[in-house]
There are 2 protein chains.
Amino acid sequence: MYSDVFSLTRILLLFTLLLGAATAAWAEDGYDLWLRYPPLEKDIRDQYRPQLQRLVIPKSEQSPTLKAIERELVRGVGGLLERRPVIEERISGDGFVLVATPQSSRDVRAQNFPLKALGEEGYLIRATTIRGHKGTVVTANSERGLLYGSFHLLRLLQTRSALEGVNIETRPQIGLRVLNHWDNLDRSVERGYAGQSIWDWWNLPDILDPRYTDYARANAAIGVNGTVLNNVNASADSLTPRYLAKAAALADVFRPYGIRVYLSARFSAPVEIGGLDTADPKSSAVQRWWNEKAEEIYRYIPDFGGFLVKANSEGQPGPQDYGRNHAEGANLLARALKPHGGVVMWRAFVYQQDNPEDRAKQAYSDFVPLDGQFDDNVIVQVKNGPIDFQPREPFHPMFGAMPKTPLMMEFQITKEYLGFASHLAYLGPMYEEVLRADTFAAGPGSTVAKVIDGSLHGHRLTGIAGVANIGSDRDWSGSTFNQANWYVFGRMAWDPRLSAEEVARDWLKITFSDNPVLLETGLDMMLASHQAVVDYMTPLGLAHLMATGHHYGPGPWVSDLARPEWNPAYYHRADKYGIGFDRTREGSNAVAQYAPAVAARFASRNDVGDGLLLWFHHLPWDHPMPSGRDLWQELVHRYDRGVASAQALQNQWRSLEPLIDPERFDKTARLLAVQAREAKWWRDASIAYFQSVSKRELPRGSAKPEHSLAYYQQLQFPWAPGH
Amino acid sequence: MYSDVFSLTRILLLFTLLLGAATAAWAEDGYDLWLRYPPLEKDIRDQYRPQLQRLVIPKSEQSPTLKAIERELVRGVGGLLERRPVIEERISGDGFVLVATPQSSRDVRAQNFPLKALGEEGYLIRATTIRGHKGTVVTANSERGLLYGSFHLLRLLQTRSALEGVNIETRPQIGLRVLNHWDNLDRSVERGYAGQSIWDWWNLPDILDPRYTDYARANAAIGVNGTVLNNVNASADSLTPRYLAKAAALADVFRPYGIRVYLSARFSAPVEIGGLDTADPKSSAVQRWWNEKAEEIYRYIPDFGGFLVKANSEGQPGPQDYGRNHAEGANLLARALKPHGGVVMWRAFVYQQDNPEDRAKQAYSDFVPLDGQFDDNVIVQVKNGPIDFQPREPFHPMFGAMPKTPLMMEFQITKEYLGFASHLAYLGPMYEEVLRADTFAAGPGSTVAKVIDGSLHGHRLTGIAGVANIGSDRDWSGSTFNQANWYVFGRMAWDPRLSAEEVARDWLKITFSDNPVLLETGLDMMLASHQAVVDYMTPLGLAHLMATGHHYGPGPWVSDLARPEWNPAYYHRADKYGIGFDRTREGSNAVAQYAPAVAARFASRNDVGDGLLLWFHHLPWDHPMPSGRDLWQELVHRYDRGVASAQALQNQWRSLEPLIDPERFDKTARLLAVQAREAKWWRDASIAYFQSVSKRELPRGSAKPEHSLAYYQQLQFPWAPGH
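Values in this document were obtained by computation on a predicted structure and should not be read as measured data.

Some words on the sheet that holds strand β10 (residues 306-309) of chain A
Hydrogen bonding along the main chain pairs the strands of a sheet, whether they run parallel or antiparallel. Residue and element names in this part refer to chain A. One closed barrel holds the eight strands; their spatial order is β7-β8-β9-β10-β11-β12-β13-β14, and the pairing between them is parallel. Recorded for the sheet is a direction-independent mean angle of 25° between the axes of neighbouring strands. Pairing of strand β7 (residues 176-180) with strand β14 (residues 463-467) involves five bridges; the strand directions are parallel. Following the sheet pairing, Leu 176 is matched in β14 by Gly 463. In the packing of helix α10 (residues 326-337) onto the sheet, the strands contacted are β10, β11 (343-347) and β12 (378-383), and the crossing angle to β11 comes to about 160°.

A closer look at the pairing of strand β14 (residues 463-467) of chain B
Residues and elements named next belong to chain B. Here β14 lies mainly inside the structure; five of its five residues are buried. Every second residue of β14 is oriented toward a common face, with Gly 463, Ala 465 and Val 467 on one face and Ile 464 and Gly 466 on the other, all of them buried. Summarising the sheet, strand β13 (residues 407-412) and β14 pair through four bridges and their orientation is parallel. Bridged to Glu 410 within β14 is Ala 465.

Considering the sheet that holds strand β6 (residues 167-170) of chain B
Residues and elements named next belong to chain B. Taking strand neighbours across the sheet as the criterion, the six strands line up as β2-β1-β3-β5-β4-β6 in an open arrangement whose pairing is mixed. A strand with exactly one partner marks an edge of an open sheet, and here the two such strands are β2 (86-88) and β6. The average angle at which neighbouring strand axes cross in this sheet is 25°, direction not considered. Bridge count between strand β1 (residues 54-56) and β2: three bridges; the pairing is parallel. Each bridged residue has a counterpart across the sheet, and for Val 56 the counterpart in β2 is Glu 88. Packed on one face of the sheet, helix α3 (residues 64-81) meets β1, β2 and β3 (96-99) and runs near 170° to β1.

Description of the UniProt feature "domain: Glycosyl hydrolase family 67 C-terminal" (unreviewed entry) in chain A
The feature "domain: Glycosyl hydrolase family 67 C-terminal" (unreviewed entry), as annotated in UniProt, sits at residues 478-701 of chain A in this numbering. Secondary structure content for residues 478-701 of chain A is 55% helix and 2% strand, while the C-alpha to C-alpha distance between its ends is 36 Å.

What to know about the environment of Ala644(A)
Residue and element names in this part refer to chain A. If you trace the backbone, Ala 644 turns up in helix α20 (residues 631-655). Classification of Ala 644 as partly exposed rests on a relative accessible area of 41%. Along the primary structure Ala 644 and Lys 404 are separated by 240 residues, whereas in three dimensions their C-alpha atoms are 47 Å apart.

Digging into the domain arrangement of chain A
The domains assigned to chain A are domain 1 (33-170), domain 2 (176-507) and domain 3 (535-581 + 618-714). Domain 1 of chain A and domain 3 of chain A are separated by 49 Å when their C-alpha centres are compared.

Regarding helix α14 (residues 480-494) of chain A
Residues and elements named next belong to chain A. The end-to-end C-alpha distance of α14 is 22 Å, a good match for the 21 Å that 15 residues give at a rise of 1.5 Å each. The buried fraction of α14 is high, at 15 of 15 residues. The opening residue of α14 is Ser 479, an N-cap whose side-chain oxygen sits 3.4 Å from the backbone nitrogen of Phe 481.

Some thoughts on the nonpolar core
Residue and element names in this part refer to chain A. Grouped together as the largest cluster of nonpolar side chains are 232 residues, with contacts concentrated most on Trp 34, Phe 254, Trp 290, Met 398, Trp 486 and Phe 690. When residues in this core are grouped by element, the largest group, twelve residues, is from helix α21 (residues 662-694). Not counting residues up to four positions away in its chain, the partners in contact with Trp 290 are Leu 239, Ala 265, Arg 266, Phe 267, Ala 269, Pro 270, Phe 307, Leu 332, Leu 333 and Ala 336.

Describing helix α6 (residues 210-222) of chain B
All names here are of chain B. For α6, with 13 residues, the first-to-last C-alpha span of 19 Å sits near the 18 Å given by 1.5 Å per residue. Burial of α6 is extensive: eleven of the 13 residues sit out of reach of the surface. Three or more residues of α6 are buried, namely Arg 211, Tyr 212, Asp 214, Tyr 215, Ala 216, Arg 217, Ala 218, Asn 219, Ala 220, Ala 221 and Ile 222. Residues of α6 that are buried make contact with α3, α5 (143-158), β7 (176-180), β8 (226-228), α7 (241-254) and α14 (480-494). By the N-cap criterion, in which a side-chain oxygen at the helix start approaches the backbone nitrogen of a residue two or three places on, α6 is capped by Asp 209, the distance to Arg 211 being 2.8 Å.

Considering the pairing of β10(A)
Residue and element names in this part refer to chain A. Relative to β10, strand β9 (residues 260-264) runs parallel, the two sharing three bridges. Considered in β10, the bridge of Ser 264 is made with Leu 308. Sheet analysis places β10 next to β11, joined by four bridges and oriented parallel. Pairing of Val 309 across the sheet is with Trp 346, part of β11. Note on the crossover from β10 through α10 to β11: the handedness is right-handed.

Section: the packing of aromatic side chains
Applying the stated rule across the entire model yields 90 aromatic pairs over all chains. Ring geometry for Phe420(A) and Tyr552(A): centres 4.4 Å apart, planes at 55°, overall tilted. On the criterion of sequence distance, the pair formed by Phe420(A) in the loop between β13 (407-412) and α12 (428-436) and Tyr552(A) in the loop between α16 (516-537) and α17 (568-572) is long-range, its members being 132 residues apart. In this structure Tyr552(A) comes out as buried when scored by relative accessible area, which is 4%. An aromatic cluster is built from Tyr31(A), Trp34(A), Trp199(A), Tyr212(A), Tyr215(A), Phe254(A), Trp476(A), Trp486(A) and Tyr487(A), whose rings are joined through pairwise contacts. Looking at Arg573(B), its charged tip hangs above the ring of Tyr570(B), at a distance of 4.9 Å from the centre. The ring of Phe581(B) carries the charged tip of Arg573(B) above its face, separated from the ring centre by 3.9 Å.

Some words on the pattern of salt bridges
One pass over the full model with this rule turns up 99 salt bridges over all chains. A salt bridge links Asp29(A) to Arg474(A), with the shortest nitrogen-to-oxygen separation between them at 2.9 Å. Separated by 445 residues along the polypeptide, Asp29(A) in the loop between α1 (2-27) and α2 (42-48) and Arg474(A) in the loop between β14 and α14 bring together distant segments of the chain. Residue classification places Asp29(A) among the partly exposed residues on the basis of a relative accessible area of 27%. In this structure, Glu432(B) engages Arg436(B) in a salt bridge whose closest nitrogen and oxygen atoms are separated by 3.9 Å. With Glu432(B) and Arg436(B) both in helix α12 (residues 428-436) and four residues apart, this pair spans about one turn of that helix. Judged by relative accessible area, which is 43%, Arg436(B) ranks as partly exposed. Taken together, the salt bridges that share partners define one network made up of Asp640(A), Lys680(A), Arg683(A), Asp684(A) and Glu706(A).

What counts, and at which threshold
Residues numbered from 1 in each chain as written. Chains lettered and ligands numbered in written order. Predicted model: local features only at pLDDT ≥ 70, side-chain atom pairs only at ≥ 80, totals over all residues. Heavy atoms only, no water. Pairing = 2+ DSSP bridges. Helix = DSSP H or I, 4+ residues; strand = E, 2+ residues; numbered from the N terminus. Axes fitted to C-alpha atoms, helices over the stretch in contact; angles between N-to-C directions. Contact = heavy atoms within 4.5 Å. Buried < 20%, exposed > 50% of the residue type's maximum accessible area, 1.4 Å probe, protein only. UniProt positions renumbered as here; feature names shortened; annotations may be inferred. Domains from an automatic or database assignment. Expected span 1.5 Å × (residues − 1). Polar contact = N/O pair within 3.5 Å; in protein donor to acceptor, adjacent residues only side chain to side chain. Core = buried A, V, L, I, M, F, W, Y, C linked by side-chain atoms within 4.5 Å. Right-handed = clockwise from strand over helix to strand, strands pointing away. Phe/Tyr/Trp six-rings, centres within 6.5 Å; stacked < 30°, edge-to-face > 60°. Lys NZ or Arg CZ within 6 Å of the ring centre and 35° of its normal. Salt bridge = Lys/Arg side-chain N within 4 Å of Asp/Glu carboxyl O.

So this is what it looks like as structure tokens:
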């Protein structure tokens, strides 16, 4: 009899393995993102199983959010532990997971958990004993809190964290945590490199792609609570009834997952679809039009989040067309949304044609004088740096400079200037660098994070936006590692104090496994990758050296475009004598836009640091560097270092082959080969150009560019995506 | 002991069911097309299992095609029978499947099968006994034949056909069976309604999406042996080295599956990328350029199929720009390809700006006089009808009219004028109608099929093209039923004598199941669907009533476009007195382009038949119809009938809910609801317009259009896909 049972067990095990293998064979196309629930390692599974036997989710009424929680936990726990938890009305034994608010559960009420500080979205996960039964409670003040807590519980399992004695209390530091989709109504995506838009506008609202639900799950799992569906270069058609019905269908899918829908609003919509002859914010007809439009929108989408607006920037219409300022424009829309609880996210990414002022200074010049003039449901959305999502920029001088105005961060998740979807560049360290930068706006410790979480200047309206890298590609983001950028954005939006490293570790565990070799190598790769791209594209604080239009390959030689600030030559200012943009008092004096302590550091060649040296300083080629090299040698060295780093990424990945499924291993390996090749292209083309300008010899040991400068200059990429 | 075994069996069964359920839960997103290999019903599985125990595929050397065959059979048989066949070097018992040519297997040689008539691509599947062992042989003259035979064997299982006594001999009736992708280098697809192009040009050749392999498998399974990768409205960039390397990477993936790559060639490429100042076919420099380009292409793709060319049509460059004719243009390219074995597929879809001749006549007028002037590696590609992929057209008068020139058929699989991806319109009956149409070119029985299979005029170069409905959507074609159009194209390309019904039956069995209720209802739906679309869009031989540009909704009122033949009013010619395009001798005399017997029938109001009545005749509104109604009443009746058919499709589908997985049931149900709604829109808008012209009362019992004509006229669809 014993042997029969034994063989039965063996057969079941075999089947289980087969099942696992079959699942894995099909699943590793990247679709599941961080919602991967394959069976955990057996010893870990065995540990968890007694702790997660029964699921108790009291539902007083039909709640889509509670249903979503139950579905997710059944799927997640069932998959990870290969055992479906029992669904119970009431705790009946050990190993329970109770997911409830004090309102929905007497058991939770009786525990008197300290929920007050958790707000509307925070949650508490605690190991506890209820009526003699041991288990875990996920509780919160709202169902949304329960949702986030449930995803966190699953993350604990995915990262193999202990449930014994678990005691987690967390609430988001930032209120609006939104993705910005630069998606057009024809499904093209501006700066999108992962296929076309996942919004199938043509077939909405009739057809609801299951992908919409999975999008909501993935975002809820990392705490994203809003999404701007359409491009900031907006079409007014998005505000027509036909398209509002489509947006409403998406909002209905997202709502159970705590995600609100926002729309980019075209400032001239009253003219284009409203039949008015002006969009002047001072026109009462215009105000009325927006008021009625808002009412209409809220009929379609009762919890509509609000508008994102790109105005008077790169050809977009705006209040300045009528001699009004940004505050007047923003307040026009804000007043229409105000009765409904909506907000305006007004972008500060502006620079004027014909304005000879250093482009890095223009947004500050435009906006800072308006501090205090914005309505209280306006938040100004500021890119992380003063130019435009370069591989490295200093933090934007507006952060800390507008104490009376809520400012939100705009990060880019899609890698417009960092190798599109092909190159591995984990953006966590870049986000971290910006968030931790000290503005000194209210003395030391006035970090950018504290500006945007509202704590520095006491704002309740707070936000952070990420320009999405999401498209119709099966793996959503064009590569496995690109998914990590979406992931880290969400995690840091919830808690800007998180380190890039700890998020990367979580992501690696969830995405691959917790094999220590994999984790160590994977972390090395991810944490080194951003600096590698900086080195081979724009070392030492250089910026905007990309070729025109597509922003992909190198084009430092470009100097013939109509507007000066479109030309790479505008940014590097290299000539026979030196290189760099003088933003000190002797130059554009952009440093003066920062707090004195910061300005002094940036203005000092010695204190500014390698990373931003040529951003702030124009220096002679023979300027001595701390390394002992002169500037020219250092520049070449950085390029060489970038290429070596890219090659190292390739080798490191290769060493992981036995630890990774073949599908993801192979695609990543091929992408890393592209990156290594293109790093060399960047290095060779840039050096060929700078050498033609500096007339300097290459340092000993540094290889000649593979081709002539003319070769690199004639390369054309007319069909680059995202343009 | 017995009870233990019993419970073991039960548990295994349970696991199997779970496995099946899990697979089904994941798999029914339509990705698998007709390569679905879920477990067959148990009784059928049990019948097959002893017949398919061992797989014998002798491989003398590394052959990618034989490997592909083995992978497919293991996957297919293993999935359908839930038992992986044993791989053997040599037959060792009953239940073998031997896949081999006489060259690769002594056992096959010994059988002396009659392979001669099967040619390069045909195959034989026969139940046989070899050295005392019973099994099935798949044999052919080439590995490609084995590949097609193996897919056919799997189809036998998928359709639950008996293997006992199986004896199939088949060879394709048509040589070139190609898909035309109207895919652009930016991944947009002209007239594509299923997402973007599956060719990720930007990432090729580095990244090879697994989808490319699945595309090749799906096509090989239905006998497609060629693919034109890029749009006929071509960019010359496709012929640059950078893009040839990308096309070559695809060709490498497709080659094991017997699929050749072709490219659309832009006639002016010698100017655009060659630096010449002319593309004149009489210039020796131009001939030399194409010769060298062909040599270059064959270095990248040794089995390159050749060029498809759209010349002097809708703004495309062509030989007429230099005063040369189509034959001179085609021969220019043909001579470049000739040494390498390539062909030119030269499109006959031409109509000239400023040519007042009936558009339906122009291609014939241009091409027929050139009969005999084309080189022997040119084949002229003719759309099925003389206008442009309308829901119904007469067969093209060129078929049968150019005995000295090989003509190939161009069908459209994507539903540019038949409701895009949303509407269910099974195109099998339309293809069948055209292929079986009798041209009388060499007396009765001179069907279009016999023209294009070469038998009528003794051509060895034969071909058929389908404009693909394939995109990046997960289900490839935007809906489950759209897949059937790709499928029937391939099956009829192999054998134009197949009926639309038998192909639909196969497809339903493979796609859903062989449940008799499902089959009966599904067949009813599919076979009625094309006529339904004809009825609610363009009844009684009307054509081209679609709104401008997007070709989606109704626009019979459009009459203000620059070129007369762009206007729906050009086609229907409706006024107070009557409707229809007089193409008899009294009118444009387009009938005279057909053989006398056909011309006489088309010219007769009584004999032409309802389907093409108004295509050939302009008739008064009170023209009496065989139904007893007058023409006006009949027109309204047809619109009503179309709407009723669309509603019937919806009801029929609903009745199948218990028999279909929820994913595909739900999406199809939603699409059928769209179709029913839009059928009504077509009917209402068309009737509102025609009534405004005819000034006639609606027949009793026929409902008034829901909105005013003005309402329908103001509808705008600026973001329609595929345009």
